[in-house]
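# Structural features, examined
What follows is the residue order along each chain.
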Amino acid sequence: MEPVFVYGNLMEAQVQKQAFGRVVESKYDTLFDYKKGEAQKNGNRLFTVFPARGHSVHGFVLYLSPEEMGYLDKNLASYSRIKIILPNGKGAWTYVVQG
């Protein structure tokens, strides 16, 4: 299972059930030195996180199968998947708008 830090709609059980057919095992976590914001891409307004020293974003770490990761990669095509380090020192994925 792959850890994925989520900070938006995927925190909601209903959205998880709709996307993955199940409520995903998760735990509360914080991403330090990032801030929530908006970005424009292809004429669309998207919510994202971006580096911002001294700020933090609260969210959940979901544990997803490779197939579920593929689903996110396909359905979040306007986002890029990046590796982040959580406060416990472990790595996780998250999705951000780049460029």
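Each remark here, short or long, concerns the structure printed above.
Structural notes, computed from the coordinates. All values derive from a computational prediction rather than experimental measurement.

## Describing the pattern of salt bridges
- As enumerated under the stated definition, the model contains four salt bridges in all.
- Of the charged contacts in the structure, one is a salt bridge between Arg22 and Glu68, with a shortest N-O distance of 2.8 Å. A residue pair is termed long-range when its members are at least 10 positions apart, and Arg22 in the loop between α1 (13–20) and β2 (26–41) and Glu68 in helix α2 (residues 66–75) qualify at 46 residues.
- A relative accessible area of 27% places Arg22 in the partly exposed class.

## With respect to α2
- Within the sequence span of α2, burial applies to Glu68, Met69 and Leu72. One side of α2 holds all its buried residues, which, seen down the axis, span an arc of 105°. Away from the buried face of α2 by more than 90 degrees, exposed residues Pro66, Glu67 and Lys74 are located.
- Tucked inside the fold, the buried residues of α2 contact β1 (2–6), α1, β3 (44–64), β4 (80–85) and β5 (91–96).

## Some details on the side chain of Lys41
- With respect to the helices, strands and loops of the structure, Lys41 is situated in strand β2.
- For the buried Lys41, which has no salt bridge, the nearest side chain bearing the opposite charge is Asp73, at an N-O separation of 12 Å.
- Within the structure, the side chain of Lys41 is placed 3.5 Å from the backbone oxygen of Gln98, a separation counted as a polar contact.
- Those residues within four positions of Lys41 in sequence are excluded, and the remaining contacts are Leu46, Ser78, Val97 and Gln98.

Rules of the game
Residues numbered from 1 in each chain as written. Predicted model: local features only at pLDDT ≥ 70, side-chain atom pairs only at ≥ 80, totals over all residues. Heavy atoms only, no water. Salt bridge = Lys/Arg side-chain N within 4 Å of Asp/Glu carboxyl O. Helix = DSSP H or I, 4+ residues; strand = E, 2+ residues; numbered from the N terminus. Buried < 20%, exposed > 50% of the residue type's maximum accessible area, 1.4 Å probe, protein only. Arc of directions from axis to C-beta. Contact = heavy atoms within 4.5 Å. Lys, Arg positive; Asp, Glu negative; His and termini not counted. Polar contact = N/O pair within 3.5 Å; in protein donor to acceptor, adjacent residues only side chain to side chain.

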